[in-house]
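# Fold and contact review
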Amino acid sequence: MGTLQKRPNGNWTGKIRRHGYPAQSRTFLTKKDAQRWITETEAEISRDCFVDTTLARKMILREAFARYAEEVSTPKRGAADERIRLAAMQRDPLADYSFAALKASVIAAWRDRRLRAVSGSTVNRELTILRHVIEVARKEWDVALRKNPVDDVRRPRSNPPRERRLPADEQTVLMTECHRARSWWLASMVELALQTGMRQSEIRTLQWENVNWTDHTALLPAAATKTLTTRTVPLDTKCMSVLEALHRKQGVPKRGPVFPGVTRNAVKLAFRRARKRAGLSDFRFHDTRHEATSRLTELGLNPVEVAAITGHKTLSMLHRYTHLRARELVKKLG
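What you are looking at is a predicted structure, and each value in this text was computed from that prediction instead of being measured.

### Structural notes on the packing of helix H3 (residues 61-73) against helix H6 (residues 120-140)
For the pair H3 and H6, the least separation of the axes is 10 Å and the interaxial angle reads 85 degrees. Classified by the angle their axes make, H3 and H6 are roughly perpendicular. In this structure, H3 contributes Ala64, Phe65, Tyr68 and Val72 to the contact, and H6 contributes Leu130, His132, Val133 and Val136. Taken together, the residues of the contact of H3 with H6 break down into seven nonpolar, one polar and no charged.

If you want it as structure tokens, here you go:
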């Protein structure tokens, strides 16, 4: 049976002890509220539908974000990006809420604040992370919540897929600036990206021992790909020339990384400077993947063949990254 205790400050604390259940206590401003809580909680215990919300009231989202980054994000390939998003959420007033106080209206207010600073696509990605943080807390950290409040929040419209192509004249200017860059590896990386559709991370971590000089292919181990699936990428004559030039320049045995010591941030900064000099501020490194995928399709390869080269898991994703030039379609229509 529950008991009431008056606090020195005039508040009232209700306490419940029942065999087989954790001890419960809550403090209220009035005796009436404390008694109501005891009555309702004991009724839930009697109906065997009691939920212990102690941890949900104590743990705030800021603590959950930090724990999630350490325990859940770390093994992921995209851990760095996810930690950046979690850090942004930790700086927001949203992080001050406990799980018990977290409601759909609170998350909706956070969504609207974020939409004033970032795109709808970014907010959707962050909502997905937030939902998973809450799910992990519910299922693995014993944070008692009857449902995930993110499920009741309306998601913003995502941005339309980018359709940025790279005409021949722009490619010439861009490659000229990449060759002028102080980063010896930049032009080679961009050339490989435009010819193969490999992701920046896949090119940056390419190993000499995975380049087959006889078959003209590059093996990408599962650990090196975004989809965690081993992939063999065909290399055309231009790619082989690029790799041969790199090998001659390095003058080392054909083992180890093709681009030793090159970091993701280094690529980002070097490419940003090159495209600025080329006057292509709206062209991103990832657009090289769009361009390569579209070119492979324009060469006449079927979707399955293109996906085998680029590593797209579904035809819907392949369609998203393939933007055929209208004039190429006109040639086929006659």
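### Here's the deal with the environment of Thr229
Structurally, Thr229 is set in the loop between strand S5 (217-220) and strand S6 (231-234). With relative accessibility at 33%, the residue Thr229 sits in the partly exposed group. Counting along the chain gives 84 residues from Thr229 to Lys313, while the straight-line C-alpha distance between them is 9.4 Å. When residues no more than four places from it in sequence are discounted, the contact partners of Thr229 are Leu220, Ala222 and Lys313.

### Some words on the side chain of Asn124
Note that Asn124 resides in helix H6. Setting aside residues up to four positions removed in sequence, Asn124 forms contacts with Arg155, Pro156, Arg157 and Ser158.

### Overview of the pattern of salt bridges
Going through the model one piece at a time under the given rule, you end up with 21 salt bridges. With its nearest N and O atoms 2.6 Å apart, the salt bridge here joins Asp151 to Arg131. In this pair, Asp151 is assigned in the loop between H6 and helix H7 (168-180) and Arg131 in helix H6, connecting sequence segments 20 residues apart. On the basis of relative accessibility, which here comes to 44%, the residue Asp151 falls in the partly exposed class. A cluster of three or more residues bridged by salt bridges with shared partners is formed by Arg165, Glu291, Arg295 and Glu298.

Rules behind the numbers
- Residues numbered from 1 in each chain as written.
- Predicted model: local features only at pLDDT ≥ 70, side-chain atom pairs only at ≥ 80, totals over all residues.
- Heavy atoms only, no water.
- Axes fitted to C-alpha atoms, helices over the stretch in contact; angles between N-to-C directions.
- Helix = DSSP H or I, 4+ residues; strand = E, 2+ residues; numbered from the N terminus.
- Parallel < 35°, antiparallel > 145°, perpendicular 65-115°, else oblique.
- Contact = heavy atoms within 4.5 Å.
- Nonpolar A, V, L, I, M, F, W, Y, C, P; charged D, E, K, R; others polar.
- Buried < 20%, exposed > 50% of the residue type's maximum accessible area, 1.4 Å probe, protein only.
- Salt bridge = Lys/Arg side-chain N within 4 Å of Asp/Glu carboxyl O.

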